[in-house]
Amino acid sequence: MSFKNSFTWGGATAANQYEGGYDEGGKGLNAVDVLTNGSATEPRKVTWKKPNGETGATPLVWGKEFKLPEGAIPAIVDGYYYPSHQGTDFYHHYKEDIKLMAEMGFDIFRLSMNWSRILPNGDDKLPNEEGLAFYDKVFDECGKYGIEPLVTLSHYETPLSLITRFGGWKDRHLIDAFVHYSDIVMNHYKGKVRYWLTFNEINAMDMAPYMGGGLIDGSEENRARGAHNQFVASAKVVKLAHQIDPNNRVGQMLAYSAFYPYTCDPKDQLKVMKAKQEMLFFSDVQTGGRYPDYRLKQYERDGIELNDKAEDYDLIAKYPADFLSFSCYTSNVLTTHGADAKASGNVTAGGVKNPYLKSNAWGWATDPDVLRIALNDLWDRYHKPLWVVENGLGSADTLEKDGSVHDDYRINYLRSQIKSMCDAVTIDGVDLMGYTTWSAIDLVSNGTGEMKKRYGFVYVDRDDRGHGSLKRYPKDSFYWYKKVIASNGDDLD
């Protein structure tokens, strides 16, 4: 047996990409409800209004500075298309979708709760009962099939009201608001949910501060304050969760990428070291329980003030994450020899093309060893249980006339990834809790806002402008993954 009997298999989704029903059931608006569609060549945009009536849209590009014009606040503006408003309509298809997950044999379903569906303004004193009732129905449906929910409390879904009133997570008010929200849902769903994640890909605060922290001014200091406030909020929620139910486990969620140097030049090695520090800073604090010296020295050099409190650090040390979950799709190659790389034609968006790996249509390398590298890296650093909660292949799938979707490329990708996980467990002894692919069912791509960049085991009839019947069609990968789960990962043919 490659994986232990308690190993969990499933898939993952996010409310802002999947749930829909953005203005139903008393839900308030969140950060992504004002984010437009985009494409591989056109970035998504945050739309805004000014008090004088002026409107506009500011591009959101991962890895680049983000700031709205002075006086602008995020808002829905006529003339733009917002794919999150409908997603792929889990709000009205949850019974059908969970049944499909059960047919595949899911043990676990990772989903996020829409914070603004529970607290429309993010910090309301009393919860929206319709919102609570919706997730009750979802969790009860999961329970009917023996599927355990793994719930992300905030998956890029900062309530818009907290953004417009406080500027997002740079303000300490959001710590108390998040703990209040967590208190409500953890008490309400006690016995139905025991696995929780606080913030999806918490290092998005650096890479995409509007999405990760609702920051409309993503300055270095605001990003640092936003990250610190999320660390404190997470520690408080870990403490709270254990008090509410000793069976609760609260994990971190990190966006992980393996970094390879392009050459053996020490400068390339240092570039890789710096990139890893920027990524692992977030897990050093949230899972490791302390601020690393390299980040403290950076703040000192840059004159960053966190608006922190002395007790923050005691909380962070005493209540780190119980386990570390992460997303991992690909690896990246870094170099200080950009001219040489360009001369060889090896440059892609987000780094240098790896000549040993193939890339998909969106420029992401398919790396058959990346999960083994990731799992060993994180296990050796923290020695806490790990969980791969996002891993998958985006592709422009074709729905055939007979309703079939032949996605052998996805099967091949996932086969390589599961083998990589298996090596980490059986050869290296990593403690791995489970695997939830991205995604369970087709949804809107987070990075591009497209539907044609599909990840799911189930095809959803919907296009990039929101047209389509929303009918569900199992892909070839659906039946392959069912076989994988039934064999606990032993049958990958």
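Now for a quick tour of the structure. (Residues numbered from 1 in each chain as written. Predicted model: local features only at pLDDT ≥ 70, side-chain atom pairs only at ≥ 80, totals over all residues. Heavy atoms only, no water.)

**A look at the overall build of the protein**
Then, in step 1: Within the protein, the regular secondary structure consists of 16 helices and 17 strands.
Then, in step 2: Rg of the C-alpha trace for the protein: 21 Å, near the compact-globule value of 23 Å for 493 residues, within the 12% margin.
Then, in step 3: In terms of its C-alpha atoms, the protein occupies a principal-axis envelope of roughly 55 × 55 × 50 Å.
Then, in step 4: In the protein, buried positions account for 60% of the 493 residues.
Then, in step 5: Look at the contacts in the protein between residues 6 or more apart in sequence, and 76% of them connect residues 24 or more apart. (Helix = DSSP H or I, 4+ residues; strand = E, 2+ residues; numbered from the N terminus. Rg over C-alpha atoms; globule rule 2.2 N^0.38 Å. Buried < 20%, exposed > 50% of the residue type's maximum accessible area, 1.4 Å probe, protein only. Contact = heavy atoms within 4.5 Å.)

**Describing the nonpolar core**
For soluble globular proteins, the rule of thumb is that nonpolar side chains tend to be buried together.
Then, in step 1: Within the largest apolar cluster, 118 residues are counted, with the highest numbers of intra-cluster contacts made by Met113, Ile118, Tyr256, Phe326, Met421 and Tyr481.
Then, in step 2: The element that contributes the greatest number of residues to this core is helix 9 (residues 220-244), accounting for 11 residues.
Then, in step 3: What Ile118 contacts, discounting residues up to four positions off in sequence, is Met113, Pro127, Asn128, Gly131, Leu132, Tyr135, Tyr181, Ile184, Val185 and Tyr189.
Then, in step 4: Ranked by size, the runner-up nonpolar core spans 18 residues in total, among them Ala31, Val32, Leu60 and Ile216. (Core = buried A, V, L, I, M, F, W, Y, C linked by side-chain atoms within 4.5 Å.)

**Examining the side chain of Gln230**
Then, in step 1: Tracing the backbone shows Gln230 in helix 9.
Then, in step 2: Residue classification places Gln230 among the buried residues on the basis of a relative accessible area of 1%.
Then, in step 3: When near neighbours in sequence (up to four residues on either side) are disregarded, Gln230 contacts Trp169, Phe199, Ile202, Met205, Gly212 and Gly213.

**Observations concerning the packing of aromatic side chains**
Then, in step 1: Scanning all chains against the criterion turns up 39 aromatic pairs.
Then, in step 2: Ring centres of Trp115 and Tyr181 lie 5.2 Å apart, and the angle between their planes is 10°; this geometry places the pair in the stacked category. Highlighted residues: Trp115 in helix 3 (residues 115-118) and Tyr181 in helix 6 (residues 173-188), separated in sequence by 66 residues. Tyr181 carries the same exposure label as Trp115, and that label is buried.
Then, in step 3: It is Arg117 that lies over the ring of Phe134; its NZ or CZ is 5.6 Å from the centre.
Then, in step 4: Above the plane of the ring of Trp364 lies Lys453, whose end atom (NZ or CZ) is 4.5 Å from the centre. (Phe/Tyr/Trp six-rings, centres within 6.5 Å; stacked < 30°, edge-to-face > 60°. Lys NZ or Arg CZ within 6 Å of the ring centre and 35° of its normal.)

**Details of the pairing of strand 1 (residues 8-12)**
Then, in step 1: Counting buried positions along strand 1 gives five out of five residues, so the element sits mostly inside the fold.
Then, in step 2: Covered by surrounding structure in strand 1 are Thr8, Gly10 and Ala12 together with Trp9 and Gly11, the residues of both alternating faces.
Then, in step 3: Both strand 1 and strand 15 (residues 432-438) contribute to a ladder of five bridges, which runs parallel. Following the sheet pairing, Trp9 is matched in strand 15 by Tyr435. (Pairing = 2+ DSSP bridges.)

**Some points on the layout of surface pockets**
Then, in step 1: Volume-wise, the second largest pocket comes out at about 170 Å³.
Then, in step 2: For the second largest pocket, the full set of lining residues is Ser359, Asn360, Ala361, Trp362, Thr366, Leu393, Gly394, Ser395, Ala396, Tyr409, Asn412 and Tyr413. (1 Å grid on protein atoms, 1.4 Å probe; cavity = no way out; pocket = protein on both sides within 12 Å on 5 of 7 lines; lining within 4 Å. Points joined across faces, edges and corners; volume = space filled by probe spheres on them.)

**Description of the sheet that holds strand 3 (residues 55-60)**
Then, in step 1: Read from one edge to the other, the open sheet built from three strands follows the order 3-2-4, with strand pairing classed as antiparallel. Across the chains shown, the open sheet's two edge strands, defined by having one partner strand only, are strand 3 and strand 4 (73-74).
Then, in step 2: Pairing between strand 2 (residues 44-49) and strand 4: two bridges, direction antiparallel. Its bridge partner being in strand 4, Lys49 is matched across the sheet by Ile73.

**Side note on the side chain of Asn354**
Then, in step 1: Of note, Asn354 is situated in the loop between strand 13 (351-352) and helix 14 (370-382).
Then, in step 2: Beyond its immediate stretch of four places on either side in the chain, Asn354 contacts Tyr260 and Val333.

**A closer look at the environment of Ile427**
Then, in step 1: Following the sequence through the fold, Ile427 ends up in the loop between helix 15 (408-426) and strand 15.
Then, in step 2: A relative accessible area of 54% means that Ile427 is categorised as exposed.
Then, in step 3: Residues Ile427 and Val232, spaced 195 residues apart in sequence, show a C-alpha to C-alpha distance of 36 Å.

**Quick word on unusual backbone geometry**
Then, in step 1: Trp438 connects to Ser439 through a cis peptide bond whose omega is 0°.
Then, in step 2: Among the structural elements, Ser439 can be located in the loop between strand 15 and strand 16 (458-460).
Then, in step 3: The backbone of Glu201 shows a phi angle near 40°, a positive value even though the residue is not glycine.
Then, in step 4: Relative to the assigned elements, Glu201 resides in the loop between strand 7 (195-199) and helix 7 (204-207).
Then, in step 5: Glu201 gets classed as buried once you look at its relative accessible area, which sits at 11%.
Then, in step 6: The phi torsion at His383 lies on the positive side, around 50°, for a residue other than glycine.
Then, in step 7: Relative to the elements of secondary structure, His383 occurs in the loop between helix 14 and strand 14 (386-390).
Then, in step 8: Take His383: its relative accessible area is 52%, and that puts it in the exposed class.

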